[in-house]
Amino acid sequence: MKKHVMGIASLFAAGLMLFSCASEVKEANYQIIPIPQEIVMGQDGAFTLANGTKVLYPEGNEKMQKNAQFLADYVKELTGNTLAVEAGTEGKGIILQVTPNEAQPEGYQLKVTPENIVINGGSEAGVFYGIQTLRKSIPVGQGISVSLPAVEINDAPRFAYRGAHFDVSRHFFTVDEVKRFIDMLSLHNINRLHWHLTDDQGWRIEIKKLPLLTEKGANRTETVIGRNSGEYDGKPYGGFYTQEEAREIVAYAADQHIIVIPEIDLPGHMMGALNAYPNLGCTGGPYEVWRQWGVSDEVLCAGNDDVLKFIEDVFTEIIEIFPSEYIHVGGDECPKTRWKECPKCQARIKALGIKGDKKHTAEEYLQSFIINHAEKFLNSKGRQIIGWDETLEGGLAPNATVMSWRGEGGGIEAARQKHDVIMTPNTYLYFDYYQTKDIDNEPLAIGGYLPLENVYNYEPMPKSLTPEEQKYIIGVQANLWTEYIPTFSQVEYMELPRMAALSETQWSAADKKNYNCFLSRLPQLVNVYNAKGYNYATHAFDITGRLVPNTDEEALEVTFKTIDNCPIYYTLDGTEPTAEALKYEGTFKLYKSCVIKAKGIRPTGETRVFQEEVKIHKASFKPITMLQPINPQYSFEGAGVLLDGLKGNFNYKTGRWIAFYKNDMEAVIDMKQPTEISSVSISALVEKGDWVFGPRKFSVSISEDGKNFKEIAKEEYPEMTLDNANKIYDHTLAFDPVKTQYIKVFVQPEHKLPNWHGGKGLPSFVFIDEITVN
């Protein structure tokens, strides 16, 4: 985490965050995040913001009074200056106004002249976002005055729903920590907090009619260590929010124009509730609040009328606490194992006349019955439901909004069915994923790889939808699941600055987005992070290295860059780079094995060390052709990564591995000339819980013409067992030396997952990295 690198304050703050004398004047910069829709600079003149500047709001408007006080608090925090908050509409100072605009209630105009700053919003929320723009424009420094050049900013959000999800079930966070999370949202113009309150690992919200939900269901006896290692910490864990505390959080968010959307995840993810009320399950228990991570087979019994009453009782109290139009009902990852065996569930299927078909099983249609029941109840109370994209299975509830997390497919399908959609695909917007490939120096995470640039480059409007269908994409949200995030400091680290990239996707027009421009604006926002004491990640300020094979020259091309183009020094022998090492002057080529280390050196500090080991072999950087397709989801840079001399680590989403699914891997390497070889090796990553298995067969064939091949070596492997470790497996085929120009490498994956696996009978993925030829 940030602790082991010099803070960004020391990297950039020399000119931006010095504690200044009272006479110093610093100029505001309107190039903020998210970038406003229109910034028109004035001809001349500036407004000076200093101690005693007035903030005027319309008398009798409590929301505007709070807005004014927020602005005064922000300025005090950033500059040390105290502003005078007063009721009124005329005078010299900062004037807050509302001109109702139903079309763009969150839009605003911010106009600066030498006499005044006027923020005019389409609603009180619009004024609040104008205040955020002013806040982020102000330089940071105690005791300074601020010169704000004349400008007119006209701005409004691209999406009405701009969300952030926070899981407080897997790990519990205090009321003050949730409030701090809300403060982070308002800084980034985010207006929805999706609050994940219940799950297998703990029920976190008081329901007075069902007191055991928090007396028992909020507490697990211990927690698994690491990724379901089978070892536990032996420490009881729990916590929940009283209804009064939840109302306090809702009000705190509302003051910052953020709506809290509660999630009660059903009918799966219910071990907390089943522990408290075992009669709600198919087997009657006993059930434990889950001590591990993952998806439990124990779910609410869809054939039990007590479950329908339970849903109504819970939501009756939830809607009294949360005034939001939307209530999230979950609907994700609900195994149907128990329902298939449960007499009550099968009786319900029979009574409803449910029959399976080619699209869905009878049990999947049964889930729709449960979701529909929740929706009808909430609709009768004037509320609407949101559900994860699994709610498409068995048919959508009539008025449901779909949250598309398993890629964009569910969102696309729902939009075509004329349902509102919130895009939150895990490949772009799951902030519990690693944000760097250097996972050895990161806190433990669930896996994945989601760097800042990938978040920023996400475009939520699928091109496959027509303009009419795109209208159903109402918002964008990032999710934070907290299985591996036990502290709020780590929440900040995983969220920031990726939340900044998210905010620009949510707020700014698509044609305004440019990643390099975004990076140039990021240090100014980081100054605010420093003022708030946020524990943000600093990877964006380190070296970005790109290593690409050049098959024409049979070399590896290396390119480095940093956010501020600082001097970069590197070595090729594994030694620590200093200012005396080779200075990076532009892309260079590697022809031999080496260990690259590079470091950016600034006057105020150094970056982390960038490091890669390159192992060159006889087939490195040679042309390679795939005879069977790479799985599109995991194709990354394509087949060239198999011969780039770079080995992947135990994270299959970094781009070093490519995957094959529902077909074999069959690759032909062109050695360009007859070459003597005596062995071929591959590496395969195994992560059984993710359906990633090792190969069942590996063979090598050779050819002189690239058409007629002769097999010269092969090996078959047994079906993997539950006891086989999740790790990287290396496989080598050695044979008598032979000369050849073309080499065919064949890998057969596990075509049917074994009976002990949750996906039994279905195909596995096989992930392959370097093919090494010697």
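What comes next concerns the included structure.

Reading guide: rules and limits
- Residues numbered from 1 in each chain as written.
- Predicted model: local features only at pLDDT ≥ 70, side-chain atom pairs only at ≥ 80, totals over all residues.
- Heavy atoms only, no water.
- Helix = DSSP H or I, 4+ residues; strand = E, 2+ residues; numbered from the N terminus.
- Rg over C-alpha atoms; globule rule 2.2 N^0.38 Å.
- Buried < 20%, exposed > 50% of the residue type's maximum accessible area, 1.4 Å probe, protein only.
- Areas by Shrake-Rupley, 256 points an atom, 1.4 Å probe, with all protein chains shown as cover.
- Lys, Arg positive; Asp, Glu negative; His and termini not counted.
- Charge placed at Lys NZ, Arg CZ, Asp CG, Glu CD.
- Contact = heavy atoms within 4.5 Å.
- Phe/Tyr/Trp six-rings, centres within 6.5 Å; stacked < 30°, edge-to-face > 60°.
- Lys NZ or Arg CZ within 6 Å of the ring centre and 35° of its normal.
- Salt bridge = Lys/Arg side-chain N within 4 Å of Asp/Glu carboxyl O.
- Core = buried A, V, L, I, M, F, W, Y, C linked by side-chain atoms within 4.5 Å.
- Expected span 1.5 Å × (residues − 1).
- Polar contact = N/O pair within 3.5 Å; in protein donor to acceptor, adjacent residues only side chain to side chain.
- Right-handed = clockwise from strand over helix to strand, strands pointing away.
- Pairing = 2+ DSSP bridges.
- Axes fitted to C-alpha atoms, helices over the stretch in contact; angles between N-to-C directions.

The number of helices and strands found in the chain is 18 helices and 34 strands. At 29 Å, the chain has a C-alpha radius of gyration in line with the 28 Å of a compact globule built from 774 residues. Based on the C-alpha atoms only, the size of the chain along its principal axes is roughly 90 × 75 × 55 Å. In the chain, buried positions account for 59% of the 774 residues. Total accessible area on the chain stands at roughly 30,600 Å², and carbon and sulfur atoms take up 49% of it. Taken as two groups, the 78 positive and 102 negative side-chain charges of the chain have centres that lie 2 Å from each other.

Moving on, we get to the environment of Gly-533. Inspection of the secondary structure assignment puts Gly-533 in the loop between α18 (515-532) and β19 (544-550). The partly exposed category is assigned to Gly-533, whose relative accessible area is 47%. Between the alpha carbons of Gly-533 and Leu-148 there is a distance of 25 Å; along the sequence they are 385 residues apart. For Gly-533, the contacting residues outside a window of four places in its chain are Arg-180 and Glu-492.

What follows deals with the packing of aromatic side chains. Counted by the stated rule, this structure contains 37 aromatic pairs. Between Tyr-515 and Phe-518 the ring centres are 6.0 Å apart and the planes differ by 25 degrees, which places this aromatic pair in the stacked class. In this pair, Tyr-515 and Phe-518 both sit in helix α18, three residues apart, roughly one turn of the helix. Above the face of the Tyr-74 ring, Arg-135 is positioned so that its terminal group lies 3.8 Å from the ring centre. The ring of Tyr-456 is capped by Lys-513, whose NZ or CZ atom sits 4.6 Å from the centre of that ring.

Right, let's get into the pattern of salt bridges. If you walk through the whole model with that rule in mind, you get 34 salt bridges. In this structure, the salt-bridge partner of Asp-305 is Arg-348, at a minimum N-O distance of 2.8 Å. Highlighted residues: Asp-305 in helix α8 (residues 305-321) and Arg-348 in helix α10 (residues 343-352), separated in sequence by 43 residues. In this structure Arg-348 comes out as buried when scored by relative accessible area, which is 15%.

Among all positions in helix α12 (residues 409-416), only Gly-410, Gly-411, Ile-412, Ala-414 and Ala-415 are buried. Packing partners of the buried residues in α12 comprise β16 (401-404), β17 (421-423), α15 (467-470) and β18 (473-478). One or two residues past the end of α12 sits Lys-418, with phi positive at roughly 65 degrees.

Moving on: the nonpolar core. Among the nonpolar cores identified, the biggest contains 170 residues, and Trp-195, Tyr-241, Phe-310 and Phe-315 are the most heavily contacted of them. In this view, Tyr-241 contacts Val-168, Phe-172, Phe-173, Thr-174, Val-175, Val-178, Trp-195, Leu-197, Arg-204, Ile-205, Glu-206 and Ile-249; residues no more than four positions away in its chain are not counted. Of all hydrophobic cores here, the second largest spans 31 residues; its members include Ala-619, Ile-658, Met-665 and Val-700.

With that settled, consider helix α3 (residues 124-137). For α3, with 14 residues, the first-to-last C-alpha span of 20 Å sits near the 20 Å given by 1.5 Å per residue. Here α3 lies mainly inside the structure; 14 of its 14 residues are buried. Its side-chain oxygen 3.2 Å from the backbone nitrogen of Ala-125, Ser-123 forms the N-cap of α3.

Taking burial as the measure, the five residues of strand β10 (residues 192-196) include five buried ones, the bulk of the element. Residues Arg-192, His-194 and His-196 of β10 are buried on one face, and the alternating residues Leu-193 and Trp-195, pointing to the opposite face, are buried as well. Chirality of the crossover, the property in question, places the unit of strand β9 (residues 161-167), helix α4 (residues 175-187) and β10 among those that are right-handed. Here five bridges tie β10 to strand β13 (residues 259-266), and the two strands are oriented parallel to one another. Bridging across to β13, His-194 finds its partner in Ile-261.

Along the chain, the position of Ala-246 falls in helix α6 (residues 243-255). The sequence separation of Ala-246 and Val-175 amounts to 71 residues, and the corresponding C-alpha distance is 8.2 Å.

With antiparallel pairing, the three strands of this open sheet are ordered in space as β19-β20-β23. In this open sheet, the two edge strands, each paired with only one partner strand, are β19 and β23 (588-590). Neighbour-to-neighbour, the strand axes of this sheet turn through a mean angle of 30 degrees, independent of strand direction. In this sheet, β23 lies alongside strand β20 (residues 555-561) in antiparallel orientation, the contact comprising three bridges. Within β23, the residue paired with Val-558 across the bridge is Phe-588.

This brings us to the environment of Tyr-456. One can find Tyr-456 in helix α14 (residues 452-456). Between the C-alpha atoms of Tyr-456 and Ser-503, which are 47 residues apart in sequence, the distance is 8.8 Å. Here Tyr-456 is in contact with Ala-501, Glu-504, Thr-505, Lys-513, Asn-514, Tyr-515, Phe-518 and Arg-521, once residues within four sequence places are set aside. Here the side chain of Tyr-456 touches Glu-504 through a polar contact of 2.7 Å, side chain to side chain.

Within the secondary structure layout, Asp-432 lies in the loop between α13 (426-429) and α14. Although Asp-432 is buried, it forms no salt bridge, and the closest oppositely charged side chain is Arg-498 at an N-O distance of 7.0 Å. Here Asp-432 is in contact with Ala-445, Ile-446, Gly-447, Asn-479, Leu-480, Trp-481, Ile-485 and Met-494, once residues within four sequence places are set aside.

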